[in-house]
Amino acid sequence: MLGFREMAAADYDAMMELWRGVEGLELSGADSREGIAAYLARNPGMSFVAEAEGRLVGTILGGHDGRRGFIYHLAVDPASRGRRIGAALTERCLGAIAADGIDKCHIFVKSDNEVGQGFWTRAGWAKRSGFDVFSRGTDVLELTRAEVR
Ligand SMILES: CC(C)(COP(=O)(O)OP(=O)(O)OC[C@H]1O[C@@H](n2cnc3c(N)ncnc32)[C@H](O)[C@@H]1OP(=O)(O)O)[C@@H](O)C(=O)NCCC(=O)NCCS
């Protein structure tokens, strides 16, 4: 039987197993056990899992920064695709973000992730042009946290 519930930090091992077997996901240091627990604590009630016959088959991480929503790690086990699990996870996540008064949500999709590109396009998400993503590690800063404040 298929069911959905809020993601918990205790789901970590099962999620990692799923994520390692799913193409198109970028795992990073932010996906450490501590990183995921901190993300869930900062964005309560916005990340979800799907379970089928007691096994974790889908995930979505959602949150917002007070201005825009962001979705990460929408993943469905290859054997469980095409059952609208991805759509249901997205709906729950977007609904939770909207309930906080956030009116727009973004997702980063790798340019060569054809499956992801196809899914978001089919779901009505607009592909933006005219932007590039610039990133930098925060560990290069010379000021201490106390000095910034
Ligand atoms: C993308 C992914 C989550 C879709 O999960 P899913 O449960 O199979 O998707 P759903 O069954 O909910 O599909 C919902 C709709 O999208 C469509 N769809 C799904 N994948 C699609 C694709 N690659 N291209 C076009 N349409 C797609 C379905 O046909 C369905 O259409 P409908 O509205 O006409 O019924 C899954 O393929 C996956 O985990 N991919 C690898 C990880 C990934 O790329 N994640 C996105 C990261 S940005």
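Everything quoted here is computed from the prediction, not taken from an experiment.

Q: Give me the lowdown on the packing of aromatic side chains, citing residues and values where you can.
A: The relative placement of two aromatic rings is captured by the distance of their centres and the angle of their planes. Per the counting criterion, the structure on display carries four aromatic pairs. For the ring pair Y39 and Y72, a centre distance of 6.1 Å and an interplane angle of 85 degrees mean the geometry is edge-to-face. Highlighted residues: Y39 in helix α2 (residues 33-42) and Y72 in strand β4 (residues 69-76), separated in sequence by 33 residues. When the centroid spacing of 5.1 Å and the interplanar angle of 85 degrees are considered together, the rings of F119 and W120 count as edge-to-face. Site record: aromatic cluster; members linked through ring pairs are F119, W120 and W125.

Q: Mind laying out the sheet that holds strand β2 (residues 48-52), listing which residues take part and the relevant values?
A: One open sheet holds the five strands; their spatial order is β1-β2-β3-β4-β5, and the pairing between them is mixed. One side of each edge strand has no neighbouring strand; the edge strands of this open sheet are β1 (2-6) and β5 (105-107). Strand-to-strand twist in this sheet, taken as the mean axis angle between neighbours without regard to direction, amounts to 25 degrees. In terms of strand pairing, β2 meets strand β3 (residues 55-64) through five bridges, oriented antiparallel.

Q: Describe helix α1 (residues 12-20), with residues and values.
A: Every buried residue of α1 is accounted for by Y12, M15, M16, L18 and W19. The buried residues of α1 occupy an angular sector of 160 degrees when projected down its axis, which confines them to one face. Away from its buried face, by an angle of more than 90 degrees, α1 presents the exposed residues E17 and R20. The inward-facing, buried residues of α1 contact α2, β2, β3 and β4.

Q: Pulling in residues and values, what's your account of the pairing of β3?
A: Of all 10 residues making up β3, nine are buried, and the element is well covered by its neighbours. If you look at the hairpin formed by β2 and β3, you'll find two residues sitting between the two strands, and E53 has a positive phi there, around 50 degrees. Direction of pairing for β3 relative to β4: antiparallel, over a ladder of six bridges. Each residue of the ladder has a partner; that of L61, found in β4, is Y72.

Here is what the cut-offs are and how they apply
- Residues numbered from 1 in each chain as written.
- Predicted model: local features only at pLDDT ≥ 70, side-chain atom pairs only at ≥ 80, totals over all residues.
- Heavy atoms only, no water.
- Phe/Tyr/Trp six-rings, centres within 6.5 Å; stacked < 30°, edge-to-face > 60°.
- Helix = DSSP H or I, 4+ residues; strand = E, 2+ residues; numbered from the N terminus.
- Pairing = 2+ DSSP bridges.
- Axes fitted to C-alpha atoms, helices over the stretch in contact; angles between N-to-C directions.
- Buried < 20%, exposed > 50% of the residue type's maximum accessible area, 1.4 Å probe, protein only.
- Arc of directions from axis to C-beta.
- Contact = heavy atoms within 4.5 Å.

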